[in-house]
Amino acid sequence: MREQFPVNVDANAIAASANAAAKGRGPAPVHLWNPPHCGDLDMRIARDGTWFYQGSPINRPAMVRLFSNILRKDGDHYVLVTPVEKVGITVEDVPFVSDDFTQTGTGQGQVLTFETHVGDMAVAGPENPIRVEIDPETDEPAPYITVRANLEARISRKAFYRLVDLAVHQEQDGESYFGVMSSGAFFPFLPSSALG
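Described in the following lines is the structure provided in the data block. (Residues numbered from 1 in each chain as written. Predicted model: local features only at pLDDT ≥ 70, side-chain atom pairs only at ≥ 80, totals over all residues. Heavy atoms only, no water.)

**Describing the packing of aromatic side chains**
In this structure the tally under the stated criterion is four aromatic pairs. Ring centres of tryptophan 51 and phenylalanine 67 lie 6.3 Å apart, and the angle between their planes is 15°; on these two criteria the pair is classed as stacked. Taken together, the positions of tryptophan 51 in strand S2 (residues 51–53) and phenylalanine 67 in helix H2 (residues 61–68) put the pair 16 residues apart, joining distant regions of the chain. Across this residue pair, the class does not change: tryptophan 51 and phenylalanine 67 are buried. Judged by centre distance (5.2 Å) and plane angle (55°), the ring pair of phenylalanine 160 and phenylalanine 189 falls under tilted. Pair noted here: phenylalanine 160 is in helix H3 (residues 157–166) and phenylalanine 189 is in strand S15 (residues 185–191), with a separation of 29 residues, a long-range link. (Phe/Tyr/Trp six-rings, centres within 6.5 Å; stacked < 30°, edge-to-face > 60°. Helix = DSSP H or I, 4+ residues; strand = E, 2+ residues; numbered from the N terminus. Buried < 20%, exposed > 50% of the residue type's maximum accessible area, 1.4 Å probe, protein only.)

**Quick look at the environment of tryptophan 51**
Judged by its relative accessible area of 1%, tryptophan 51 is buried. Sequence separation between tryptophan 51 and proline 95 is 44 residues; the distance between their C-alpha atoms is 8.9 Å.

**So, the sheet that holds strand S14 (residues 175–182)**
One open sheet holds the three strands; their spatial order is S13-S14-S15, and the pairing between them is antiparallel. Edge positions in the sheet fall to strand S13 (168–172) and S15, since each of these pairs with one other strand and no more. Within this sheet the neighbouring strands show an average axis-to-axis angle of 55°, counted without direction. The sheet contact formed by S13 and S14 spans five bridges and is antiparallel. Each bridged residue has a counterpart across the sheet, and for histidine 169 the counterpart in S14 is phenylalanine 178. (Pairing = 2+ DSSP bridges. Axes fitted to C-alpha atoms, helices over the stretch in contact; angles between N-to-C directions.)

**Section: the side chain of threonine 113**
Relative to the elements of secondary structure, threonine 113 occurs in strand S8 (residues 111–116). Among residues more than four places away in sequence, those in contact with threonine 113 are Asp100, Phe101, Thr102, Met121, Ala122 and Val123. (Contact = heavy atoms within 4.5 Å.)

**Remarks on the sheet that holds strand S4 (residues 71–74)**
With mixed pairing, the six strands of this open sheet are ordered in space as S3-S2-S1-S6-S5-S4. The open sheet has two edge strands, strand S3 (56–57) and S4, and neither has a second partner. Seen against the sheet, H2 touches strand S1 (37–45), S2, S4 and strand S5 (77–81) and runs at an angle of roughly 95° to S2.

**With respect to the pattern of salt bridges**
Following the criterion strictly, the structure yields ten salt bridges and no others. Two residues, glutamate 92 and arginine 44, come together in a salt bridge whose shortest N-O distance is 2.5 Å. Placement of glutamate 92 in the loop between strand S6 (86–91) and strand S7 (96–104) and of arginine 44 in strand S1 is noted, with a sequence separation of 48 residues between them. Residue glutamate 92 is classed as partly exposed on the basis of its relative accessible area of 46%. In this structure arginine 44 comes out as partly exposed when scored by relative accessible area, which is 29%. Note that arginine 72 is salt-bridged to aspartate 74, the shortest N-O span being 2.8 Å. Given the relative accessible area of 13%, arginine 72 is considered buried. Accessibility expressed as a relative area gives 25% for aspartate 74, which makes it partly exposed. (Salt bridge = Lys/Arg side-chain N within 4 Å of Asp/Glu carboxyl O.)

**Overview of the pairing of S7**
Bridging between S7 and strand S12 (residues 151–155) involves three bridges; their strand directions are parallel. Looking across to S12, one finds that phenylalanine 96 is bridged to alanine 153. Examined bridge by bridge, S7 and S8 share six bridges and lie antiparallel to one another. By the bridge assignment, aspartate 100 is partnered in S8 with glutamate 115.

This is the structure we're talking about:
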């Protein structure tokens, strides 16, 4: 259980602090900040990547980008962090969604670059791995890519079908797997034998 501090924080206060702390474009250095936990904010990121505040969607893309730049994952909890406060938020699956990617090169030289719905770019590779979870009840794949500092994006179905078109069979630990290459790393989706 996280310790709660009796501080009244709302999204506007967090946004103002984030704006003041922003140094140019891109994510803030939240890994350097260790403010007190000020409680939980009524903010939720839905599975489709929509951000909600007090039950209503946040319709301003610039505001969503601002909040996404101060997002951090502490253990199993997602928090918005500024130099002076840290508040918990709810994330239904993962905070980001990637609907598309670009491909350059082929074979071992292939590089896959994903863009999230908030404008983050992630080059799949050892630092930003792709992983696929298979639902044990439906056998549906759920693909993800690490975007930054253990924050992930769910790869959309459309983008995943494009990945499957690029997939190859490769041996790993004495077993053949079906997956994709990017930045010199192989990311297995499932054992080749599972393809029947």
